[in-house]
Amino acid sequence: MLCFTRQDPRVLEELGDLSPLRLANPSPQPGRERLRHLVIGSPEGVRATINLLHVLTYAEQATWSQLITIPPSGILITPEQGEVFSLLRRDRPVD
């Protein structure tokens with residue numbers, strides 16, 4: 001998967017001048033499907049979600065990447081052939 005830090009509908013035509021962030025996605029073990037979770041929000045909200053998933057024993061905190069700041073121009077994520085996308089929107093109380 002490639003992640004571009006530039007929001008532009010012509011982005012795929014201009015691959016030469018972009019600097020994509022290639023996200024590591026090694027092949028899954030046989031009989032398993034690789035899912036990738038994307039949590040976008042405030043740093044506090046993202047950390048709280050990661051902590052909650054840890055408490056629920058869904059994902060260890062150490063398996064998440066470091067927080068990556070989204071530039072003002074936004075991001076464009078290009079999926080692999082045949083992949084689909086779903087976004088979960090959920091409110092959480094702020095302390």
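Quick caveat, the model's predicted, so the values are computed rather than measured.

**Student:** What should I look at first to understand the overall build of the protein chain in this one?
**Tutor:** In terms of helices and strands, the protein chain carries one helix and three strands. Order of helices (α) and strands (β) in the protein chain, N terminus to C terminus: β-β-α-β. A burial count over the protein chain gives 15% of its 95 residues as buried. Look at the contacts in the protein chain between residues 6 or more apart in sequence, and 49% of them connect residues 24 or more apart. If you sum the accessible surface of the protein chain, you get close to 8,500 Å²; carbon and sulfur atoms cover 55% of it.

**Student:** Explain the confidence of the model for the protein chain here, please?
**Tutor:** When pLDDT is low, close inspection of the predicted coordinates is not appropriate. Averaged over every residue, the pLDDT of the protein chain is 76; residues scoring 70 or more account for 73%. Helix α1 (residues 43-55) holds the highest mean pLDDT among the elements of the protein chain, 93, whereas strand β1 (residues 2-4) holds the lowest, 44.

**Student:** Would you mind going over unusual backbone geometry with me for this structure?
**Tutor:** Glycine aside, residues mostly have negative phi angles, and peptide bonds mostly take the trans form. Even without being a glycine, Thr 57 presents a positive backbone phi close to 55 degrees. Looking at the element boundaries, Thr 57 is found in the loop between α1 and β3 (76-78).

**Student:** Got a minute to help me understand the pattern of salt bridges in this structure?
**Tutor:** A side chain with one charge may pair with a side chain of the opposite charge, provided their charged atoms come close. Taken as a whole and judged by the stated rule, the model has one salt bridge. Taking the shortest distance from any N to any O, the salt bridge between Arg 36 and Glu 83 comes out at 2.0 Å. Here the residue Arg 36 occupies a position in the loop between β2 (21-22) and α1, and Glu 83 occupies one in the segment after β3, the gap between them amounting to 47 residues. Given the relative accessible area of 30%, Arg 36 is considered partly exposed. Note on Glu 83: relative accessible area 32%, which makes it partly exposed.

About the cut-offs
- Starting afresh in each chain, residues are numbered from 1 along the sequence in its written order.
- Local features in this predicted model are restricted to residues of pLDDT 70 or higher, and side-chain atom pairs are both shown and tallied only at a pLDDT of 80 or more, whereas totals for entire chains, interfaces and linings draw on every residue.
- Side-chain numbers here rest on the full set of heavy atoms in the structure, without hydrogens or water.
- By definition, any uninterrupted DSSP run of H or I lasting at least four residues is a helix, any uninterrupted run of E lasting at least two residues is a strand, and each is numbered from the N terminus.
- Exposure is judged per residue with a 1.4 Å probe applied to protein chains only, and the accessible area is read against the type maximum: over 50% gives exposed, under 20% gives buried, and values in between give partly exposed.
- Residue contacts are counted whenever heavy atoms from the two residues lie within 4.5 Å of one another.
- All accessible areas in this document rest on Shrake-Rupley with a 1.4 Å probe, and a residue is counted as covered only by the protein chains that are shown.
- A residue's pLDDT is simply how confident the predictor is in it, with values from 0 to 100.
- Put simply, a salt bridge is a Lys or Arg side-chain nitrogen that is within 4 Å of an Asp or Glu carboxyl oxygen.

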